[in-house]
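An overview of the molecular structure
Chain residues, written in single-letter form:
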Amino acid sequence: MLRTKQISYSVLLCGIVLWLGMFDVSYSQQDVAIKFWALGENDQAAFFSLIAKEFYQKTHIKVEVQPVPWGDFRTKYLTAMAAGIPPDVATTNLSGPAEYGQVAGVIDFQQVFPESVARLKSQIFEGTFKQAYFRGHLFGIPWEATSLALFYRKDIFRKLNLQPPETAEEMEKVIATLTSHDYYYGFIWSRNTSWGMGTFIWPYGATLLDSSGEHVTWQHPGFLKGYKNAIRIWNIYNMYFEKPIELFIIDDPKVCAPMFADYYWRYSEIITRAPHLEHEFGIVPYPYPADGQSKQVVMGGTNFVVFRLSQHQSEAMKWIEFLLSTEVQLKRFTYFINLGERSQLMLSVNKEFWNLPLPLPNDHKKSLQEIIARSFNEEYQVGANDANRLLEKSIYIIENQIKDYIAERAAHYQISSYDFKKKMAQGLIPEEKNTILAFIDQRVEEHFKTITPIGQQLLDKGRMLYKKYYSTILDQDIQTFENKLDILKISKIIVALLIAMVIFWILYHKTLRKYWISYLFIAPPLLLISVFILIPIIVSVYISFTKYNPILPLSMAHWVGLENLTDILRDSTLWETLYRSFYYAVLVIPIQLCIGIIFASLLDKNLFPEKLFKFLYFSPMVTSVIAISLIWLALYAGTQYGWINSFLIKFGLIKDPIIFLKNNRIFMNTVVILSIWQGLAFVILIILAGLQNIPRHLYEAAEIDGANGFQQFFHITIPGLKPQVIFLVIMNTIGSLQVFEQIYMLGGGSGEAESRFGPQDSGMTMVPWIYRKGFEDFKMGEASAIAYILFAIIMLLTIIYWKYFFRKENNA
Amino acid sequence: MIHLYQLRRYLSKLTIYLILCLGGLTVFIPFYYMVITSVKKIADVTKVPISLALDHWPTFEPYNRLLSEMPYLHFMKNSLWISLCTTLGTLFFSTLAGYAFAKHHFPYRDKIFMLLLATMMIPGSVLLVPGFLLMRDLGFINTYWSLILPGISGAFSVFLARQFIKEIPNDIIDAARIDGCSEWGIYYKIILPLSKPLLATLGILTFLYSWNNFMGPLLYLMDIDKYTLPLGIALLQGRYTRVENVQMAGAALAIIPVLVIFFFFQRQIIKSLASSALKE
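Just so it is clear, the structure is predicted and the values come from calculations on it, not from any experiment. (Residues numbered from 1 in each chain as written. Chains lettered and ligands numbered in written order. Predicted model: local features only at pLDDT ≥ 70, side-chain atom pairs only at ≥ 80, totals over all residues. Heavy atoms only, no water.)

1. With respect to the overall build of chain B
Helix and strand content of chain B: 15 helices and 0 strands. Compactness check: chain B gives a C-alpha radius of gyration of 25 Å against a globular reference of 19 Å for 280 residues, more than 25% above the reference. The principal-axis extents of the C-alpha atoms in chain B amount to approximately 75 × 75 × 35 Å. Going through the 280 residues of chain B one by one, you find that 59% of them count as buried. (Helix = DSSP H or I, 4+ residues; strand = E, 2+ residues; numbered from the N terminus. Rg over C-alpha atoms; globule rule 2.2 N^0.38 Å. Buried < 20%, exposed > 50% of the residue type's maximum accessible area, 1.4 Å probe, protein only.)

2. As for the overall build of chain A
Each helix and strand in chain A was counted, giving 34 helices and 17 strands. A globule of 812 residues ought to have a C-alpha radius of gyration of about 28 Å, and chain A, at 31 Å, matches this closely. Dimensions of chain A, computed from C-alpha atoms along their principal axes, come out at roughly 90 × 75 × 55 Å. Here chain A holds 812 residues, and 59% of them are scored as buried. Across chain A, the fraction of contacts at a sequence separation of at least 24, relative to all contacts at a separation of at least 6, is 77%. Total accessible area computed for chain A in this model is approximately 33600 Å², and 61% of it derives from carbon and sulfur atoms. For chain A, the separation between the mean place of its 74 positive charges and that of its 73 negative charges on side chains is 5 Å. (Contact = heavy atoms within 4.5 Å. Areas by Shrake-Rupley, 256 points an atom, 1.4 Å probe, with all protein chains shown as cover. Lys, Arg positive; Asp, Glu negative; His and termini not counted. Charge placed at Lys NZ, Arg CZ, Asp CG, Glu CD.)

3. Re the pattern of salt bridges
Residues and elements named next belong to chain A. In total, this model carries 36 salt bridges over all chains according to the counting rule given. A salt bridge links Lys393 to Glu576, with the nearest nitrogen and oxygen atoms 3.1 Å apart. Linking Lys393 in helix H16 (residues 385-412) with Glu576 in helix H24 (residues 572-603), this pair joins segments that are 183 residues apart in sequence. Judged by its relative accessible area of 24%, Lys393 falls in the partly exposed class. (Salt bridge = Lys/Arg side-chain N within 4 Å of Asp/Glu carboxyl O.)

4. A word on unusual backbone geometry
Residue and element names in this part refer to chain A. Even without being glycine, Ala104 reaches a positive phi, approximately 60 degrees. Relative to the assigned elements, Ala104 resides in the loop between helix H4 (96-101) and helix H5 (109-112). Even without glycine at this site, Phe778 takes up a positive phi of about 65 degrees. Its location among the elements puts Phe778 in the loop between helix H33 (766-776) and helix H34 (780-811).

5. Observations concerning the environment of A:Ala104
The class of A:Ala104 is buried, set by a relative accessible area of 9%. Distance from A:Ala104 to A:Val63, taken between C-alpha atoms, is 24 Å for residues 41 residues apart in sequence.

6. As for the interface of chain A and chain B
At the junction of the two partners, chain A supplies 136 residues and chain B supplies 129 residues. Ionic pairing is found between A:Lys35 and B:Asp223, a salt bridge with its closest N-O pair at 3.3 Å. Element by element, the count of residues in the side of chain A that touches chain B is highest for helix H22 (residues 516-543) of chain A, at 20 residues. In terms of residue class, the side of chain A that touches chain B is built from 95 nonpolar, 21 polar and 20 charged. (Nonpolar A, V, L, I, M, F, W, Y, C, P; charged D, E, K, R; others polar.)

7. Quick word on the sheet that holds strand E8 (residues 185-187) of chain A
All names here are of chain A. Pairing is mixed across the open sheet formed by 5 strands, whose spatial order is E9-E8-E10-E7-E11. Two strands lie at the open edges of the sheet, namely strand E9 (239-240) and strand E11 (281-285), each paired on one side alone. Sheet analysis places E8 next to strand E10 (residues 259-262), joined by 3 bridges and oriented parallel. Each residue of the ladder has a partner; that of Phe187, found in E10, is Ala261. (Pairing = 2+ DSSP bridges.)

8. Some thoughts on the confidence of the model for chain A
Looking at chain A, the pLDDT average stands at 85 and 92% of residues meet or exceed 70. This stretch, residues 21-29 of chain A, has a pLDDT under 50; its non-local contacts, to residues over four places away or in other chains, come to 9 contacts. (pLDDT = per-residue confidence, 0-100.)

9. Comments concerning a nonpolar patch on the surface
All names here are of chain A. A contiguous nonpolar patch, built from Leu485, Ile490, Ile493, Ile494, Leu497, Leu498 and Met501 and spanning about 690 Å² of accessible area, is present on the exposed surface. With respect to the secondary-structure elements, Leu485 resides in the loop between helix H19 (478-482) and helix H20 (487-508). The exposure class assigned to Leu485 is exposed, which follows from its relative accessible area of 57%. (Patch = residues over 30% accessible without salt bridge, like charges linked within 9 Å, V, L, I, M, F, W, Y side chains within 5 Å.)

10. Some remarks on the environment of A:Phe599
If you trace the backbone, A:Phe599 turns up in helix H24. Given a relative accessible area of 10%, A:Phe599 falls into the buried group. In contact with A:Phe599, not counting residues within four places along its chain, are A:Tyr617, A:Leu680, A:Ile684, B:Ile19, B:Leu20 and B:Gly23.

11. Some details on the packing of helix H4 (residues 72-103) of chain B against helix H8 (residues 155-166) of chain B
All names here are of chain B. The interhelical angle for the contact between H4 and H8, taken along N-to-C directions, is 50 degrees, at an axis separation of 7 Å. When the axes of H4 and H8 are compared, the pair comes out oblique. The two elements H4 and H8 meet at a crossing, and its hand is right-handed. Contacts between H4 and H8 involve Thr90, Ser94, Thr95, Ala97, Gly98, Tyr99, Phe101, Ala102 and Lys103 from the former and Ser157, Val158, Ala161, Arg162, Ile165 and Lys166 from the latter. Classifying every residue of the contact of H4 with H8 by side-chain character gives 7 nonpolar, 5 polar and 3 charged. (Axes fitted to C-alpha atoms, helices over the stretch in contact; angles between N-to-C directions. Parallel < 35°, antiparallel > 145°, perpendicular 65-115°, else oblique. Left-handed = near helix turned anticlockwise from the far one by under 90°.)

12. Some remarks on the packing of aromatic side chains
Residues and elements named next belong to chain A. All told, the structure shown has 83 aromatic pairs over all chains when counted by the stated rule. A ring pair is formed by Phe55 and Phe322, whose centres lie 5.2 Å apart and whose planes are at 40 degrees; its orientation type is tilted. Residue Phe55 is found in helix H2 (residues 42-59), and its partner Phe322 is found in helix H13 (residues 313-324); the two are separated by 267 residues along the sequence. Here Phe55 and Phe322 have matching classes, each one buried. Lying over the aromatic face of Phe129, Lys121 brings its terminal NZ or CZ to 5.5 Å of the ring centre. (Phe/Tyr/Trp six-rings, centres within 6.5 Å; stacked < 30°, edge-to-face > 60°. Lys NZ or Arg CZ within 6 Å of the ring centre and 35° of its normal.)

13. Things to note about the nonpolar core
All names here are of chain A. If you look at the biggest cluster of nonpolar residues, it comprises 306 residues, and the most contacted ones within it are Tyr185, Phe187, Phe223, Tyr227, Met259 and Phe448. A total of 16 residues in this core trace back to one element, the largest contributor, which is helix H28 (residues 667-693). In terms of nonpolar packing, the next biggest core, distinct from the first, is built from 65 residues, Phe109, Ala132, Leu324 and Phe353 among them. (Core = buried A, V, L, I, M, F, W, Y, C linked by side-chain atoms within 4.5 Å.)

14. Brief notes about H13(A)
Residue and element names in this part refer to chain A. In a regular helix each residue adds 1.5 Å, so 12 residues correspond to 16 Å; H13 covers 17 Å between its end C-alpha atoms and thus fits that length. Of all 12 residues that make up H13, 9 are buried, and the element is covered over most of its length. Gln313, Glu315, Ala316, Met317, Trp319, Ile320, Phe322, Leu323 and Leu324 are the residues of H13 that are buried. (Expected span 1.5 Å × (residues − 1).)

15. Notes on the pairing of strand E3 (residues 89-93) of chain A
Residues and elements named next belong to chain A. With 5 of 5 residues buried, E3 is to be regarded as a mostly interior element. Where strand E1 (residues 32-39) and E3 come together, 2 bridges link them in parallel fashion. Paired with Phe36 across the bridge in E3 is Val89. Bridge count between E3 and strand E13 (residues 300-306): 5 bridges; the pairing is antiparallel. Paired with Ala90 across the bridge in E13 is Val305.

16. A look at the sheet that holds strand E6 (residues 141-146) of chain A
All names here are of chain A. Here we have 6 strands laid out as an open sheet, ordered E2-E1-E3-E13-E6-E14, and mixed in their pairing. The strands lining the two open edges of the sheet, one partner per strand, are strand E2 (61-68) and strand E14 (347-348). This element, H13, spans E1, E2, E3, E6 and E13 of the sheet and lies at about 150 degrees to E13.

17. Quick notes on the side chain of A:Ser581
Residues and elements named next belong to chain A. Take Ser581: it is sitting in helix H24. Residue classification places Ser581 among the buried residues on the basis of a relative accessible area of 1%. Setting aside chain neighbours within four positions, we find Ser581 in contact with Leu737, Thr765 and Met766.

18. Here we look at the pairing of E6(A)
On a regular strand, one side chain projects to one face of the sheet and the next to the other, so that they alternate. Residues and elements named next belong to chain A. Counted residue by residue, E6 has 6 buried out of 6 residues, so it is predominantly covered. The pairing of E6 with E13 spans 5 bridges and is antiparallel. Across the sheet, residue Thr146 finds its bridge partner in E13, namely Gly300. In this sheet, E14 lies alongside E6 in antiparallel orientation, the contact comprising 2 bridges. By the bridge assignment, Glu144 is partnered in E14 with Ser348.

19. Topic: the side chain of A:Thr670
Turning to its location among the elements, A:Thr670 is positioned in helix H28. Residue classification places A:Thr670 among the buried positions, given a relative accessible area of 2%.

20. Topic: the confidence of the model for chain B
On average, residues of chain B carry a pLDDT of 87, and 96% of them reach 70 or more. Predicted complex metrics record ipTM = 0.92 and pTM = 0.87.

In structure tokens form, the structure reads like this:
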């Protein structure tokens, strides 16, 4: 009876599984189909799919479009190239072509399609080509561009008798006027980076690196001047960062930001959200200083690449040319301008396009055309990644110092920082303003004196690595390396031999042969574990001693000995990362334990409705961290409508909304709160189990002795929970060291292209660091070395726990 | 005197209720926010001051938009398929091995078992880089094998199975053996039917782990029609747009089914999760 029931259940289950499996869609392969990965969100992909239909009618080439989110694209392209299954063509960020090209991941357009390139070059603005080149090879074709523009409210400007600024000096005057009249100035926060810094330093003839790419230019007078300007504008006036458009369209004078710097794609969002503003706002290129030399503006955008392993390169090239044609460009424009608030329209790089009649007011069109014509980007410089990150970090360090200083001065006058800045802008406290300006000057100069040599070292190191290991790749035949033996292949052979030997041994020995069925039973897990855990562990020991870029075959890994390890031990990031991990652990674990013990002992009383309480308290345990983080992301919104902010404001705890997720000083705390919320359930669960193990008679005896509830709690409950507490502390410490998902999601997740693990990497702990090194920076060797450091720490903790655990067991 | 005593008891009970409700509310609010936002129009979501309840009749537009723009149900199907395969595989192989480790006496048994236990100490994050290279070389990238096979190869499930099967009395097994039952027969006719609680526990743990796995799919899956649910949820976090109601619709579709299942099988699931504490 029981058996038939079980059989029928298993058959049913298998049936369901098979039935589900049949649903896998398989495409018919009659026409040529190219795979196209589009950087951006669904709306981008939706547009490309639309155009792909047209393209199919014309050429009978199918294009399968897949969106790749900004936050993931580095990892996705890297893993796809490394696995040898890249798409045919893709859009990447501006530095993508050079990054993939230098290790022969993508084709050189100039070499493969010279005629198409010649055609496109006459069609496209010259400045946009700069980053697509690497050492004379053209690895990318520009697709779209964007740059900072200044949006302003004509109605409010009229009221204040202001003109749209044409130079940086005028702009600062306008900002000062706004601040002194209780208005904000908006600046998109995410551009507050080394990249956005270009807007301020280029006009003075400085770049982040010199033109040869060999030296950082952080002592260049133009660099320091531009840097000081940026820091000053961002910090001594009342600024609104997170999403400036929200304040731009508000009419309430106390919170309005009548001028903001942002990208062009906000254009249609303004009209969608506030239709009455359609003729009441203007747009001008971001002003450059009157004493500057260059009028070029910093460009962002995307480039096309065609992958080396693609089988359909010429079809891919046709697709690129089709997309860049004037007619498709016009379609793209109308498509995105009508998307309204979700529009992600970047500027067209096609010159002819701008001569077409566009559905735009004339003055807007003129400004935009000027922006794109002046757009330009720094050449990709080998090995500059780490130096650039250092630079980004400095912006926040200096800004925080200045914020603190201003808060201190404001406290001295017993007013808020906001009012202090307003007073300063009104010119009421000129001596304060002068001291702050001097303070900024001094801080910037001091700071760059210290970090310039460090930046130079990082740059040298990056360049040296390239020169030593990768500079010859473009001239080599990669195919020959692909056929060479590498450690992975060797370890596979070794494992296969070992398995064969074991089987042979078992069959050969009489005593062992008798037990063959037992060995057969335990074989599958052992086999799987040796393949999926032991081989990787062996291989990763080897990799941690090499420099290895996974786009290349493993036989091209370069042995460097202990260099990775010593580099990491010397890197200040290790200590920062460890500090963050322990900060997280030190906050999460005790708080969780305290709250957990309280709630568990209350739940243990089994008060009605016991089931509902337990359901509520345990529910975070079964839901995925990713989904939970998505909810908290919305709760944390740094605007008035974010629930946490609005609760805090309602209860009078804060006056202005806190920008939780974009502030490097509080980001880690937001992760901590989320983790406590999510992890509490497990703590309660374990403690509850522990409580049930405490013998009841102890409480009864205590009651007879006259101990009250609190005394019982502290003298019986707490000591009785010792094993559970120790278990939780160790387990959660190990868990804390490996936290990833929450940081990934709250820190920008698949949404943000740069600074993925919190603003300014303020949420970067061990696993995110491994992820960054291995799957974003293509440095598998260093990633493995970090993994081993983590392994060592975890091992130590586990041994401590086992020692305790077994000692206890032996005593018992 | 009795009166005061009772009053104190009532008061303490009331405080306990208050604390419990307060804690419950804190757990509840994010879920509540999710549900309520997922049926609001975006204009109502971004309204200041916020409204805790619905201002208008619930709209299912966010759900429509989500499902029309993203193959969300397809992601769910993929996740279900991967999790089911992993779970079935784990159940079969770990009970089989657990049975051998618990009831068979063969040379090197305890040594092999200790070796198995030792692999539990290796944290998953160490395997990220070499694991990826291995999958690449095996040609498993962008296939479900890269998620299912490592999912099956856990020492913990074998450990759990062994601990459970050890408690099954030897007499039954010996009796069956005397009756001429083969080892497979014993496994199938005796061990499996007697290990139902174990199967439930293992099944729930493996399924939940596999269902919520994020890092694996993030690194191993390339084509969007192979994506799993957690990857799909992560995709909802747009770069330029913050469309809370659609995001919450996505979160709700992922979370509510799990919560419903949890509600009905609460006791069993909690028991299973508690036994995961045995790990190490």
